[in-house]
Amino acid sequence: MGSKYTKRYTEEFKRDAIALVDSSGKTVTAVARELGISSESLRGWYRRAKADQGEGAPGELTSAEREELRRLRRENREQQQTIELLKKATAFFAKESDR
């Protein structure tokens, strides 16, 4: 089972850990073990850093693209809610005008 909380690491720590992977020639797992962190966390940070540098896998989103996608999805959800509200209001006022 996992812990009850998620440990947060500073951006500086993440950058240093990624740099250590690049400069040491060690695997992500070995560096993570040395630093006492999850290898999956370090692997995710490393992938994101490479994508942001344009060295990611084909089709992988950069941090900026991921943030824009998140913003657009939120905006889309809000617009869908507005549309549903307007449909209900239209139906209500159409019934009222028939009276």
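Right, let's walk through the structure included here. (Residues numbered from 1 in each chain as written. Predicted model: local features only at pLDDT ≥ 70, side-chain atom pairs only at ≥ 80, totals over all residues. Heavy atoms only, no water.)

Quick notes on the overall build of the protein
Looking only at helices and strands, the protein features four helices and zero strands. Listing each helix as α and each strand as β along the protein from the N terminus yields α-α-α-α. For 99 residues, the compact-globule formula gives about 13 Å, and the C-alpha radius of gyration of the protein, at 23 Å, lies well above that figure. For the protein, the C-alpha atoms occupy an extent of roughly 80 × 35 × 20 Å along the three principal directions. Scored against the burial criterion, the 99 residues of the protein give a buried share of 15%. (Helix = DSSP H or I, 4+ residues; strand = E, 2+ residues; numbered from the N terminus. Rg over C-alpha atoms; globule rule 2.2 N^0.38 Å. Buried < 20%, exposed > 50% of the residue type's maximum accessible area, 1.4 Å probe, protein only.)

Thoughts on the pattern of salt bridges
For the coordinates displayed, the defined rule picks out eight salt bridges. For lysine 26, the salt bridge identified is with glutamate 34, shortest N-O distance 2.4 Å. Residue lysine 26 is classed as partly exposed on the basis of its relative accessible area of 40%. Glutamate 75 is the partner of arginine 71 in a salt bridge, and the nearest nitrogen-oxygen pair spans 3.2 Å. With a gap of four residues between them, arginine 71 and glutamate 75 both fall in helix H4 (residues 63-98), about one helical turn apart. Taken together, the salt bridges that share partners define one network made up of Asp22, Lys50 and Glu55. (Salt bridge = Lys/Arg side-chain N within 4 Å of Asp/Glu carboxyl O.)

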